Amino acid sequence: MRISVDQASAVPPYEQVRGQLAELIGTGRLAVGTRLPTVRGFAADLGLAVNTVARAYRELEAAGLLETRGRLGTFVAPGRDDATDRLQRVAAGYAAEAARLGVPPAAALALVRAALDAARPG
């Protein structure tokens, strides 16, 4: 997960973090069920105050994008589209298996494209 904060930006750091996480979630690059780093750990990695990251997490939780499960941590929340959520989980599993097997990303994507083409009616 790549998040960067521009300290010289007019956009507050919490908003930069919130916006980038929301984009990653919205595009599926952070799949449903993905565990996010702890607030303290993420703040340390980004060189931010703990409260800055905590605010970004709170706002994403209020928007329904994240859910906190007590001591288990903070996770990407299930969306309103169950089919997309299920496909994201399957895609994440496929990507992990492709990496484990040493299949290059381009070849893994070609396999998915071929499978989609084969499944298309007509």
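Residues numbered from 1 in each chain as written. Predicted model: local features only at pLDDT ≥ 70, side-chain atom pairs only at ≥ 80, totals over all residues. Heavy atoms only, no water.

Draft legend 1. Seen up close, the packing of aromatic side chains. Taken as a whole and assessed by the stated rule, the structure comprises one aromatic pair. Residues Phe42 and Tyr57 carry aromatic rings whose centres are separated by 6.3 Å and whose planes lie at 35° to one another, so their mutual orientation is tilted. Of the two residues, Phe42 sits in helix 2 (residues 39-46) while Tyr57 sits in helix 3 (residues 50-62), which places them 15 residues apart along the sequence. Taking relative accessible area as the criterion, Phe42 reaches 5% and is therefore assigned buried. (Phe/Tyr/Trp six-rings, centres within 6.5 Å; stacked < 30°, edge-to-face > 60°. Helix = DSSP H or I, 4+ residues; strand = E, 2+ residues; numbered from the N terminus. Buried < 20%, exposed > 50% of the residue type's maximum accessible area, 1.4 Å probe, protein only.)

Draft legend 2. The arrangement of a nonpolar patch on the surface in detail. A surface patch of nonpolar side chains, about 360 Å² in accessible area, is lined by Tyr94, Leu111, Val112 and Leu116. Sorting elements by how many residues they give to the nonpolar patch places helix 5 (residues 105-119) first, with three residues. Summarising the element assignment, Leu111 is placed in helix 5. (Patch = residues over 30% accessible without salt bridge, like charges linked within 9 Å, V, L, I, M, F, W, Y side chains within 5 Å. Areas by Shrake-Rupley, 256 points an atom, 1.4 Å probe, with all protein chains shown as cover. Salt bridge = Lys/Arg side-chain N within 4 Å of Asp/Glu carboxyl O.)

Draft legend 3. Examining the packing of helix 1 (residues 13-26) against helix 3 more closely. Contact geometry for helix 1 and helix 3: axes closest at 8 Å, N-to-C directions at 45°. Between helix 1 and helix 3, the angle falls in the class oblique. The two elements helix 1 and helix 3 cross, and the hand of that crossing is right-handed. On helix 3, the residues touching Pro13, Tyr14, Glu15, Val17, Arg18, Leu21 and Ala22 of helix 1 are Thr52, Arg55, Ala56, Tyr57, Glu59 and Leu60. A class-by-class count of the residues in the contact of helix 1 with helix 3 yields eight nonpolar, one polar and four charged. (Axes fitted to C-alpha atoms, helices over the stretch in contact; angles between N-to-C directions. Parallel < 35°, antiparallel > 145°, perpendicular 65-115°, else oblique. Left-handed = near helix turned anticlockwise from the far one by under 90°. Contact = heavy atoms within 4.5 Å. Nonpolar A, V, L, I, M, F, W, Y, C, P; charged D, E, K, R; others polar.)

Draft legend 4. Local environment of helix 3. Here helix 3 contains 13 residues, and its C-alpha end-to-end distance of 18 Å stays within 8% of the 18 Å for a straight helix at 1.5 Å per residue. All of the buried residues along helix 3 are Thr52, Val53, Ala54, Ala56, Tyr57 and Leu60. Looking at the buried residues of helix 3, the elements they touch are helix 1, helix 2, strand 1 (66-68) and strand 2 (74-76). A positive phi of about 85° marks Gly64, the residue just after helix 3. (Expected span 1.5 Å × (residues − 1).)

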